[in-house]
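Tertiary structure, described
Chain residues, written in single-letter form:
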Amino acid sequence: MIRSTPTRRTSHHKLAALAGAAALLFAGASALAQEVKEPFGEFEQKELLVGELNGSYSYGFNGVSSAGAYRLGFEAVNAYDAVGFSRGFIPPDTMGAVGRSQYVAVSNGAYGIFDKSTGARQSVVSDLTFWAAAGQTGSSGDSRILYNADSSRWVIVAFGANAKDLQIAVSDTDNALGTWKSTKFEGYAGLGFGATADYPTLAMDKTSIYIGTNNFAPATSGGANNFRGTTLDVIPVNSLFSAGAPTTANMKQFITPYVSGSSTNADRGYAIQGVNSQSLSGTGKVVAASAFVDDYIAYTVTGQTATSAAGATTGTVVTLGTAAGTAPGAARQPSVAIAANQRIVDASDGRVSSSAYEANGKIYMVATIQSSLSGNVDEARVRWTVLNSTTLAIIAEGDIGSAGYDYYQASIAVNDAGKVVIGYNRSGLDAATGKISFMAQVFDTAAGGELVSVGSEMLLKESLTDDYHNGSLFGAASAGRQRWGDYSQVSVDPDNAANFYLIGEFAREYNNAAGGHPGGTGGSRWGTWVAMIDTSVAAVPEVSTWLMMALGISAVGFMSRRKQGPTTAA
């Protein structure tokens, strides 16, 4: 059972002192050569799934429950859809958003539209088909989507056919089944060949759309892609949502180069994530993992308006001084058929992999780490952090996790009432409860900014296999990087802020006879799952929670600390 055990800052004074000392050491050593953190130097290349679809398959569907916070669950797009379009990639880059009547899910290879009240499929097409209809010649994946309630329109960003380009599609109306228009721009030019504007993020506030990229390019034509720095693109909302086709007119690009061994590298973070906000302040915010130290950063964007970002400037980078944590190791799962497969699932590397949100003067974000708050055991934890949106100081932070399990690939959203929902994957070695599962927790924001757990951890969807491994066939040892995600998403219903919609990945059955596919290749297959949680009613413990209680599993639990005082400027 996950429990809340808030701990005052005084019990973590050593951790806070160490974090502060590390930040000061980093600032004092700025004249020395800065090397980007090792996990961040790797290009996120997708892999093509093996084989074609054989036989039939069914979609999972929970329907609507009569009581409890978990009110609706349904399967969105999956690997069988993508492979059916000859667009099957791993990982799926799980992403989706809720609108006024529909839920739209996007992935590497397939886009789907669903009735948000019932989960009924309204359309599933290949990503290439979608972008062709919107006016583009192709897509290389890495899609992100948001719904803009002010204009009642959808926004999708993805790679162009050439991965140095980014393309943006905007729906003409609230109906995602209707027409879309698009525009394209160069995200990163590189050295003139082989450039990639990788891992594009997406956020919006009242004035601007924010897209961040990790930039990669080879030193020579045909060479390996190397990390070259980051770009933050700031696009005025009127350029995308005004009458006619969207444009990137009056866009401002902030390019932060990285040169290995240089003493002049600026730290604008890695996987730059703009903050979604309904605030009228006109000040944009950005959060990210530091590119150089095990910490997180934040900064502001000012001077932009709804019609132009040409005069925008970025503020001083603030190093947050979070509780100590490092990139986690691979996550576990229970299968013992191949012992080497027990710990192979990529739990990510500490980046802010999903949307951040501002509400009531606070910024909320999540990441995956190996945490000092839970004793630095070799288990992945979900770290939530709440910032003061004016000073960018940490108000509170904490970890979600329990002994014997890995928690990873998290996402968060908050409504104006301070209700918070965090979705994530959990897995472990336990045969009864260790399959990779899509989970969630509901929180209230306390007066001091701490997140207070409401009800129990909820099981949203359990994987159909206890031995997921991509890039190899059933019964064979895993091959290649076992990536998972690479992200998930939580979004708030624009017409009922008590309802939160979550999307995450789960492992489907293998494409073989045992999985119901005679003559199949035996390859692994992913699925994506959408759940709606109604935060106006009390959560009901799921089966997995009761099993954990019965088995007497000791929980590291939900640990938090509250921080006060000044931030550290780098």
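Source: prediction; values computed, not measured.

**Some details on the confidence of the model for the protein**
- For the protein, mean pLDDT is 86; residues scoring 70 or higher make up 84% of the total.
- Within the model, the stretch residues 52–56 combines pLDDT values under 50 with 15 contacts to residues more than four positions away or in other chains.
- This stretch, residues 564–570, has a pLDDT under 50; its non-local contacts, to residues over four places away or in other chains, come to 16 contacts.

**Quick look at the sheet that holds strand β9 (residues 121–126)**
- With respect to topology, 4 strands assemble into an open sheet ordered β6-β7-β8-β9, the strand pairing being antiparallel. Because the sheet does not close on itself, it has two edges, and the strands there are β6 (95–98) and β9. Sheet twist, expressed as the mean angle between neighbouring strand axes with direction ignored, is 10°.
- Helix α3 (residues 127–134) contacts β8 (110–115) and β9 of the sheet and is inclined by roughly 90° relative to β9.

**Overview of the nonpolar core**
- Ranked by size, the top nonpolar core spans 44 residues in total, and within it Ile-145, Trp-154, Ile-156, Trp-180, Val-287, Tyr-296 and Leu-320 carry the most contacts.
- A total of 4 residues in this core trace back to one element, the largest contributor, which is strand β28 (residues 362–371).
- Counting 38 residues, the second largest nonpolar core, distinct from the first, contains Tyr-357, Val-382, Ile-400 and Leu-460.

**Re the layout of surface pockets**
- One number sums up the size of the largest pocket: a volume of about 600 Å³.
- Within the residue set of the lining of the largest pocket, elements represented by two or more residues are β6, β10 (144–148), β27 (356–359) and β35 (489–492).
- Of the residues belonging to the lining of the largest pocket, the class tally is 12 nonpolar, 9 polar and 4 charged.
- If you trace the second largest pocket, you find 16 residues lining it, with Ile-113, Phe-130, Ala-176, Gly-178 and Trp-180 closest to the centre.
- When contributions to the lining of the second largest pocket are tallied by element, the ones reaching two or more residues are β8, β9 and α3.
- Looking at the lining of the second largest pocket element by element, the count peaks at 4 residues for α3.

**Description of the pattern of salt bridges**
- Counted according to the given criterion, the structure contains 24 salt bridges.
- The network of salt bridges with shared partners includes Arg-332, Arg-343, Asp-378, Glu-379, Arg-381 and Asp-406.

**Regarding the environment of Ala-289**
- Within the secondary structure, Ala-289 sits in strand β20 (residues 284–289).
- C-alpha separation for the pair Ala-289 and Ile-272, spaced 17 residues apart in sequence, amounts to 7.7 Å.

**A word on the sheet that holds β10**
- Ordered in space as β10-β11-β12-β13, the 4 strands form an open sheet in which the pairing is antiparallel. Taken across any chain shown, the strands that pair with only one partner, and hence form the sheet edges, are β10 and β13 (180–186). Within the sheet, the average angular offset between the axes of one strand and its neighbour, ignoring direction, is 20°.
- Examined bridge by bridge, β10 and strand β11 (residues 153–159) share 5 bridges and lie antiparallel to one another. Residue pairing across strands places Ile-145 opposite Ile-156, the latter belonging to β11.
- Packing against the sheet, α3 makes contact with β11, β12 (165–171) and β13, and its axis sits at approximately 95° to β13.

**Focus on the pairing of β11**
- Summarising burial for β11: 7 of the 7 residues are buried, a large majority.
- Bridge analysis of β11 against β12 gives 5 bridges, and the strand direction is antiparallel. The residue of β12 that forms the bridge with Ile-156 is Ala-169.
- If you look at the hairpin formed by β11 and β12, you'll find 5 residues sitting between the two strands.

What counts and what doesn't
Residues numbered from 1 in each chain as written. Predicted model: local features only at pLDDT ≥ 70, side-chain atom pairs only at ≥ 80, totals over all residues. Heavy atoms only, no water. pLDDT = per-residue confidence, 0-100. Contact = heavy atoms within 4.5 Å. Pairing = 2+ DSSP bridges. Helix = DSSP H or I, 4+ residues; strand = E, 2+ residues; numbered from the N terminus. Axes fitted to C-alpha atoms, helices over the stretch in contact; angles between N-to-C directions. Core = buried A, V, L, I, M, F, W, Y, C linked by side-chain atoms within 4.5 Å. Buried < 20%, exposed > 50% of the residue type's maximum accessible area, 1.4 Å probe, protein only. 1 Å grid on protein atoms, 1.4 Å probe; cavity = no way out; pocket = protein on both sides within 12 Å on 5 of 7 lines; lining within 4 Å. Points joined across faces, edges and corners; volume = space filled by probe spheres on them. Nonpolar A, V, L, I, M, F, W, Y, C, P; charged D, E, K, R; others polar. Salt bridge = Lys/Arg side-chain N within 4 Å of Asp/Glu carboxyl O.

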